[in-house]
Amino acid sequence: MRLNSYEFMIARRFLVNGRSQTVLIILGIAIGVAVQVFLISLMDGLQRNLIQRTIGSSPHVTIAPPLSSPQPLGIGGGAIDDYQRPLKTEESEILSWQRYSDYLSGIEEITVAAPMINGNGYIEKGRSSFPVLIKGVTLPEADVIYKFNKNTVSGDPRPGGNNVLIGRASSDKSGLKVGDTFYLRNQTGAGDYFSIKGIFDLGSSAANNMVVMSLDRAQNFLDITGISSIEIQVHDVFAADGLAESLRGSLSQVKVESWQERNQELLSGLQAQDTSSAMIQFFVLLSITLGIASVLAIIAIQKSRQLGILKAMGTNDKSAARIFIIQGFSMGFFGALLGILLGLGMTSLFMFGTKSSGGPTYELKITLTNILLPAVLAVLSASVAALVPARRAAGLNPMEVIRNG
Amino acid sequence: MDDIIILEKINKFYGDEVVFQVLFDIHLYIKRGKFTTIVGPSGSGKSTLLNIIGLLESPTSGKVFLDGQDVSSLNKDELAACRNEKIGFIFQFHYLLPEFTAIENILIPYWIGKGRPPGEIVDRALHLMDRIGIKKFSGKYPNQLSGGQQQRVAIARALINKPKIIFADEPTGNLDSKTSNLVMELLKEIVDEQKTSLVMVTHDPNIAAGADRVVEIVDGRINSDSLHSN
Ligand SMILES: Nc1ncnc2c1ncn2[C@@H]1O[C@H](COP(=O)(O)OP(=O)(O)O)[C@@H](O)[C@H]1O
Ligand SMILES: [Mg+2]
């Protein structure tokens, strides 16, 4: 198949000659592409924002001993029965956690691997008691995940000894303030006095119900020799499940869980959002395609006379068809180009708008795929739309024109 | 063999349900380099005959030889290429492309066949325009030209590919007699110069009188065929 330059020349002249039609189609395509670029960037940004909020201050991957359960059962009544206490084995605690930490810190994708102690307890105040999660952490590792230094709303963000941080929810419920001393019981019923060094707000009610102390104090308080888990954050949150999968391959003794596995509902919500935005995109493309097809069909009828003359002079059917494919492609191309610019404009205007109005600033995600995908699809649909008039042009008999003037 | 065109037993029917025969067993030999006119009453089948010889229509039966080649063996694309290479058309209505300037219109047949015209072809176009007195209109669009000027552009366009034969269907039918005479003079001169064959349908007895041969068609049959010796 030989593309002859005259096909381009004639296609171009037809387009330039049909000025307002051409401009209208190109504008139509541009708006379609712009809407898609904006929509995809917005969706992407919102999703990332939502995910950031959900998992920003929580681990992306958690490594726990095989027998650990996410919510350790309290042993009721406070009576201590030594025989029922689990044995300290690698099954219930990570005893050799230093080895894991060393191994994990060697993995490029991981930003931090923080050892954690987790347990349940009660804050006692007067006659009431308030259940809390007890968390033992090391700094600065835990700060990478929970950002206590940023999220502390009053007091000092560094726990140590019997100085602990408590979450805003626990503070509100119990009425405890920075500087107060309180009695904290573990689930075996044993307890000790702690004083509040800082109060933090991590944004979620579960996290705001924590009492955070140093790792060794928590080990001692909860009678744990090893650690309860290793919490990991990674560079790319969406790579977390992949990393978890590969860690499962290399670490057979422990349970590895990614945030995706823990947040199935969020993910299926996001999936639904993806599906609906894909549907919107599909219909935008469909209307672009139909619009171009109808306008090009009109152009093909308007240009029948010219096509008849060209065919009499030796233009063959394929060339006649290509003249219209080229027109469709060109309009798609220039429409997409303009659409990208418009879309970027809309996106930055939106970001500027939300920023200056003081609302939540979404980082709209402008990526190459977000821009190129709608553009390429628009060019393709424009070319496909051009098949309609192209077929007409190919089938035109020059005699119809020459006979009828 | 010195015949550019040979028609053997050409029949043409129109219509599917009501079949209507337009041409009946036409035999015609046309010599190379000559000026042949086809005359006859309106509706007698002159244009149909010309379009069949010009490879724009196919006969219902019979054979067409153009420049020694049996064209019934050619497919649509080959017919198109053959029209482009060997044939120039001049129609009653000029049929220029309104989107293109005069010189661009003249160059289009070259462009279709061989791609972007090189300088010497552009020069040839300008020379042709000069020869028929329209060089100063080369940058004008068809709607900026008079009927006679448009028809002269169409003549130059028909000549650009140095065709073996030119078919003209009442090329002066829309022109006043003065312009008509001028256009005919120019056409005959150039055709003579280039030794191109010319087949023209006309109603004008003066034009027929100036031709080498007059073929008269009546009701789809050749009624008379006279050679002029000049
Ligand atoms: N496409 C067609 N379908 C049906 N009849 C046609 C068609 N083209 C021409 N005719 C008929 O064929 C006859 C000859 O037409 P034409 O060759 O144009 O005659 P002329 O050029 O001598 O005036 C006319 O009666 C015309 O109506
Ligand atoms: Mg006629």
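Each value, and the rule that gives it
Residues numbered from 1 in each chain as written. Chains lettered and ligands numbered in written order. Predicted model: local features only at pLDDT ≥ 70, side-chain atom pairs only at ≥ 80, totals over all residues. Heavy atoms only, no water. Core = buried A, V, L, I, M, F, W, Y, C linked by side-chain atoms within 4.5 Å. Buried < 20%, exposed > 50% of the residue type's maximum accessible area, 1.4 Å probe, protein only. Contact = heavy atoms within 4.5 Å. Helix = DSSP H or I, 4+ residues; strand = E, 2+ residues; numbered from the N terminus. Expected span 1.5 Å × (residues − 1). Bend = angle between axes of the 7 residues up to and from the residue. Domains from an automatic or database assignment. Near = heavy atom within 4 Å. Polar contact = N/O pair within 3.5 Å; in protein donor to acceptor, adjacent residues only side chain to side chain. Areas by Shrake-Rupley, 256 points an atom, 1.4 Å probe, with all protein chains shown as cover. Pairing = 2+ DSSP bridges. Buried area = accessible area lost by both parts, 1.4 Å probe. Salt bridge = Lys/Arg side-chain N within 4 Å of Asp/Glu carboxyl O.

What to know about the nonpolar core
In this structure, Ile29 of chain A together with Ile5, Leu7, Leu49 and Phe167 of chain B are the most contacted members of the largest nonpolar core, which totals 83 residues. Ignoring sequence-local partners within four residues, the contact set of Ile29 of chain A consists of Ile288, Ile292, Met331, Gly332, Gly335, Ala336, Ala378 and Ala382 of chain A. With 46 residues, the next largest nonpolar core counts Ile166, Ile232, Val237 and Leu266 of chain A among its residues.

Quick word on helix α3 (residues 102-114) of chain B
An ideal rise of 1.5 Å per residue puts 18 Å on 13 residues; α3 of chain B measures up with 19 Å between its terminal C-alpha atoms. Residue Ile108 of chain B marks the point of greatest curvature in α3 of chain B, where the axis turns by about 40°; the proline Pro109 of chain B follows within four residues. Summarising burial for α3 of chain B: 10 of the 13 residues are buried, a large majority. Taken as a whole, α3 of chain B has its buried residues at Ala102, Ile103, Asn105, Ile106, Leu107, Ile108, Pro109, Tyr110, Trp111 and Ile112 of chain B. The elements touched by buried residues of α3 of chain B are α1 (5-17) and α11 (304-312) of chain A together with α2 (76-86), α4 (119-131) and α5 (147-159) of chain B. Looking at the residues trailing α3 of chain B, positive phi occurs at Gly115 of chain B, about 85°.

Quick look at the domain arrangement of chain A
Here chain A is partitioned into domain 1 (5-54 + 267-404) and domain 2 (66-253). On a C-alpha basis, the centroid separation for the pair domain 1 of chain A and domain 2 of chain A is 54 Å.

Topic: the site of ligand 1
Arg403 of chain A together with Tyr14, Phe20, Val22, Pro41, Ser42, Gly43, Ser44, Gly45, Lys46, Ser47 and Thr48 of chain B make up every residue found near ligand 1. Nearby residues around ligand 1 are contributed by chains A and B. Residue Gly43 of chain B places a main-chain N or O atom 2.7 Å away from an oxygen atom belonging to ligand 1. With respect to ligand 1, the backbone of Ser44 of chain B contributes an N or O atom lying 3.3 Å from an oxygen atom. The protein chains hide 64% of the 560 Å² of surface that ligand 1 would expose on its own.

Thoughts on the sheet that holds strand β4 (residues 61-66) of chain B
Pairing between the strands of a sheet comes from backbone hydrogen bonds, and it takes one of two forms, parallel or antiparallel. Residue and element names in this part refer to chain B. Spatial strand order, β2-β1-β4-β5: 4 strands in an open sheet with antiparallel pairing. Pairing within the sheet leaves two strands with one partner each, and these edge strands are β2 (20-31) and β5 (69-70). Taken together, the 2 bridges between β4 and β5 define a ladder with antiparallel strand orientation. The residue bridging Phe65 from the neighbouring strand is Asp70, located in β5.

So, the interface of chain B and chain A
If you look at the interface, chain B gives 31 residues, while chain A gives 29 residues. Across the chain B/chain A interface, buried area totals approximately 2,500 Å², and carbon plus sulfur atoms make up 59% of it. Of all residues in chain B, Tyr95, Glu99 and Ile112 of chain B bury the most surface against chain A, accounting for 29% of the area lost on that side. Our count for the contact surface shared by chain B and chain A stands at 5 salt bridges. For Lys303 of chain A, the salt bridge is made with Glu99 of chain B, and the minimal N-O distance between the two is 2.7 Å. Where chain B touches chain A, the interface holds 14 residue pairs in polar contact (both at pLDDT 80 or more).

Side note on the pairing of strand β8 (residues 197-201) of chain B
Residues and elements named next belong to chain B. Most of β8 sits out of view: 5 of its 5 residues are buried. Of the two faces of β8, the one lined by Ser197, Val199 and Val201 and the one lined by Leu198 and Met200 are each fully buried. Bridge count for strand β3 (residues 35-39) against β8 is 4 bridges, and the pairing is parallel. What sits directly across from Thr36, in β8, is Val199. Bridging between strand β7 (residues 165-169) and β8 involves 5 bridges; their strand directions are parallel. Across the sheet, residue Ile165 finds its bridge partner in β8, namely Ser197.

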